Amino acid sequence: VLRGIDMAIWGLIFVRAVGMGPLAGVLAIVSNTRSAAVLGFVGAGGIGLVYAENMRLWNWDVVMFITLILVVVVMIMDKVSSMLRNKYIIGEDIPLYQQKSQID
């Protein structure tokens, strides 16, 4: 459901629910980190804005660092999403923590 509805539709829903502002934007892009970076790149602020500014200033080392961080964050979010899908759709156990055995 979250991936099927376009981010613009979510934006309209959240603007109606909480009003215009950063909270509506954050709520609209919480399921799609990739789009958040793209929106910032075109002027919406956030990490994409920092990315675009450093590209304009030819700070390629910072651009590469931001790119690597974005890739890592997206990979982590995809892994967590996959684990949660397995837990709630398939019903698999997720080893989020290991319970220590008690010594009597």
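Residues numbered from 1 in each chain as written. Predicted model: local features only at pLDDT ≥ 70, side-chain atom pairs only at ≥ 80, totals over all residues. Heavy atoms only, no water.

Counting its secondary structure elements, the chain contains five helices and zero strands. Listing each helix as α and each strand as β along the chain from the N terminus yields α-α-α-α-α. Counting every position in the chain, which comprises 104 residues, the buried fraction comes to 15%. Of the contacts made within the chain by residues no fewer than 6 positions apart, 25% connect residues no fewer than 24 positions apart. Counting every atom, the chain has about 8600 Å² of accessible surface; 67% of that belongs to carbon and sulfur. (Helix = DSSP H or I, 4+ residues; strand = E, 2+ residues; numbered from the N terminus. Buried < 20%, exposed > 50% of the residue type's maximum accessible area, 1.4 Å probe, protein only. Contact = heavy atoms within 4.5 Å. Areas by Shrake-Rupley, 256 points an atom, 1.4 Å probe, with all protein chains shown as cover.)

At Trp58, a residue that is not glycine, the phi angle is positive and equals roughly 60 degrees. Mapped onto the elements of the fold, Trp58 is located in the loop between α4 (47-56) and α5 (60-90).

Turning to the confidence of the model for the chain, a few remarks are in order. The predicted model of the chain averages 75 in pLDDT, with 65% of residues at 70 or higher. Between the elements of the chain, mean pLDDT differs from a low of 64, seen in helix α3 (residues 33-44), to a high of 83, seen in α5. (pLDDT = per-residue confidence, 0-100.)

Here the focus is the packing of aromatic side chains. What describes a pair of aromatic rings is the distance from one ring centre to the other and the angle between the planes of the rings. The final tally for this structure, using the stated rule, is one aromatic pair. Here Trp58 and Trp60 contribute two aromatic rings whose centre-to-centre distance is 5.9 Å and whose plane-to-plane angle is 75 degrees, an arrangement assigned as edge-to-face. Judged by relative accessible area, Trp58 falls into the exposed class, the value being 64%. (Phe/Tyr/Trp six-rings, centres within 6.5 Å; stacked < 30°, edge-to-face > 60°.)

One can describe the packing of α4 onto α5 by two numbers: an axis separation of 8 Å at closest approach and a directional angle of 155 degrees. Classified by the interaxial angle, the pair formed by α4 and α5 is roughly antiparallel. Seen along the crossing, α4 lies across α5 with a hand that is left-handed. Contacts from Ile47, Val50, Tyr51, Asn54 and Met55 of α4 reach α5 at Trp60, Val62, Val63, Ile66, Thr67 and Leu70. Tallied by class, residues from the contact of α4 with α5 come to nine nonpolar, two polar and no charged. (Axes fitted to C-alpha atoms, helices over the stretch in contact; angles between N-to-C directions. Parallel < 35°, antiparallel > 145°, perpendicular 65-115°, else oblique. Left-handed = near helix turned anticlockwise from the far one by under 90°. Nonpolar A, V, L, I, M, F, W, Y, C, P; charged D, E, K, R; others polar.)

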